[in-house]
Structure formats: structure tokens, C-alpha cells
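For reference, the chains in residue letters:
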Amino acid sequence: MIRKTQSIAAIALMSLSLGSGWAFAQPPAPQLLLSMTLQNETRLPLTQNSITTPNVDLQLYGDGRNIVIAVGRGANLPRTFFGLCEKPCGFTLRDRNNFFDLRGRASIKFTTIVSGFHRVRPIIKLTDGTLLIGDQAEGSVADYHQYQISFSECRWLRLDPVRGVTLGAWVENPDLSEVEEVGYFDVIPGSGAHTEGLAVEKQPAPPVGGWIAVSSFELWGQPVSRK
């Protein structure tokens, strides 16, 4: 009986030791690196002037010139709206002061509603200029919902920055220690039909089945100074 009690105590001590070691080995808690904020005055295409987040640069990809800022005073406005994109489209944000370390527990958090088979996917640009798109995708057709995608769970494909199509095989173990840009992308064109000669912001609303709308977007990870 004494020997059995000693064995149980030894197992318990070992479990505690392993538990403490595991807790100690956890990567640092991610920081909020950026939270996208938009102007809320009029319905216009997404441009650098639309972004009010401090110290960030906007880069459009695919048919990003047709992404629209939908405005208003509702709970999920303003928001980016992809329904007028004539081919796959998306964008990224670049911090002027820091690279992004997206290893460990880094993630994006966003609020979106989608239509049809459209989904929100993360894209990143590495310091060597490679543009990658992740296989994780989220979105609900029922209502706006909040989602989180962890970069550690993503598999990555190269993305053509002009056509917005994926290229080649899976990119194994990309270096996420110093990422240049982060954003989101829709791999399906929008369902809107463009009227010739009409400005993007004045185009009629697209039919149901072909768009994503994102009302909030946050990046969590670790900053790496550019200096």
C-alpha cells in the first residue's frame, strides 16, 4: 500500500513538473498590431485616403480598385464591400514603423457577412515580395459574425498580385518572423454588373450570391522594428 501511494505521488509530481514546463514554453501573448478604421462620409472606392488607421499604407491586389467603402451609421458600418469586383480582389495594410512577427499565437480577427460561396481569406506579403494566401476561410450568409484565423493553422499558396489567382504548389514553412503586409482576399469575383461610364460608387447594388462585407479587421502578433 505504501509503495502504491509512493508511485501515485511520483506520477502526480511528474505531471505537475510537465505542466509547469509546458506553461513556461508557451509563446508570448500576441499584441494588437493594427485595427483597421475607415472614413465614414460617402460611398467611395477603397483608397489610401479611406484608411484612418495611423501609420499604415494600403496596397490593392487583383481587382482591388473596385472594392467599395459602404457607409452609414449602423452597427456594422462603415465596411469594405467586394461585390463590384470583376475578378478576385483584396488588399493589405503595411505598418510604416514595424514588420509583423506572425509566428506562435498570431492571428487576424474580423467581423463579416458573406453571400453565396464567398469567404474571407488572409493574405500576407513576405519581405522578399512573395504574396501568399491562406487556406483558412470564414463567413456566414446569415448575419455578421466575428471570426479568428490563426496563422499557425494556415497552409499557403502563392497569389498572383494582378490576376488574383493562386500559383503552384503549397509553400512549405514560409518565414513569418518579419512579414511586410497583411490583409484579406476574396478568390471569387463579385456578382455586380458594371454600367458603362458610371463611377464605381454609383454602380447599382449587386444581386445576392456574390460578395463579402467586412466591418472590422484586427491583426494580432508581435512588432519587429524596421530600424
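Our subject in this report is the structure included herewith. Note that the structure is predicted; figures quoted are calculated from it, not measured.

Thresholds applied
Residues numbered from 1 in each chain as written. Predicted model: local features only at pLDDT ≥ 70, side-chain atom pairs only at ≥ 80, totals over all residues. Heavy atoms only, no water. Helix = DSSP H or I, 4+ residues; strand = E, 2+ residues; numbered from the N terminus. Buried < 20%, exposed > 50% of the residue type's maximum accessible area, 1.4 Å probe, protein only. Core = buried A, V, L, I, M, F, W, Y, C linked by side-chain atoms within 4.5 Å. Contact = heavy atoms within 4.5 Å. Pairing = 2+ DSSP bridges. Polar contact = N/O pair within 3.5 Å; in protein donor to acceptor, adjacent residues only side chain to side chain.

Cis geometry is found at the peptide bond from L77 to P78, where omega equals -5°. In this model, N55 sits at a positive phi of 60°, which is unusual for a non-glycine residue. As for its position among the elements, N55 is in the loop between β2 (44-45) and β3 (56-62). Overall, the relative accessible area of 40% leaves N55 in the partly exposed class. If you check the backbone angles, N173 has positive phi at about 50° while not being a glycine. Topologically, N173 is positioned in the loop between β13 (166-171) and β14 (179-186). Residue class for N173 comes out exposed when judged on its relative accessible area of 74%.

What follows deals with the nonpolar core. F91, L102, I124, F151, V182, Y184 and L219 are the most contacted members of the largest nonpolar core, which has 39 residues in total. Listing elements by their share of this core, those giving two or more residues are β1 (31-35), β3, β6 (89-95), β8 (107-115), β9 (121-126), β11 (145-150), β14 and β15 (211-225). The dominant element in this core, judged by the number of residues it contributes, is β15, at 4 residues. The contacts of Y184, once residues within four sequence positions are left out, are M36, T80, F82, G90, F91, V120, R121, P122, I123, I212, V214 and F217.

Time to look at the pairing of β8. Residues in a regular strand point their side chains to alternate faces of the sheet. Across the 9 residues that make up β8, a large majority, 8, are buried. Pairing of β8 with β11, which is carried by 6 bridges, proceeds in the antiparallel orientation. Residue pairing across strands places F110 opposite Y147, the latter belonging to β11.

Quick look at the side chain of T92 now. Relative to the helices and strands, T92 is located in strand β6. At a separation of 2.6 Å, a polar atom in the side chain of T92 contacts the side chain of E181. Once residues lying within four places of it in the same chain are set aside, the contact partners of T92 are D57, L58, Q59, Y61, I123, E181, V182 and G183.

A few words on the pairing of β14. By the criterion of burial, β14 is predominantly enclosed, with 8 of the 8 residues buried. In this sheet, β14 lies alongside β6 in antiparallel orientation, the contact comprising 5 bridges. Pairing of T92 across the sheet is with G183, part of β14. Bridge analysis of β9 against β14 gives 6 bridges, and the strand direction is antiparallel. Within β14, the residue paired with I124 across the bridge is V182.

Geometric descriptors of this kind do not, in isolation, establish any biological role.
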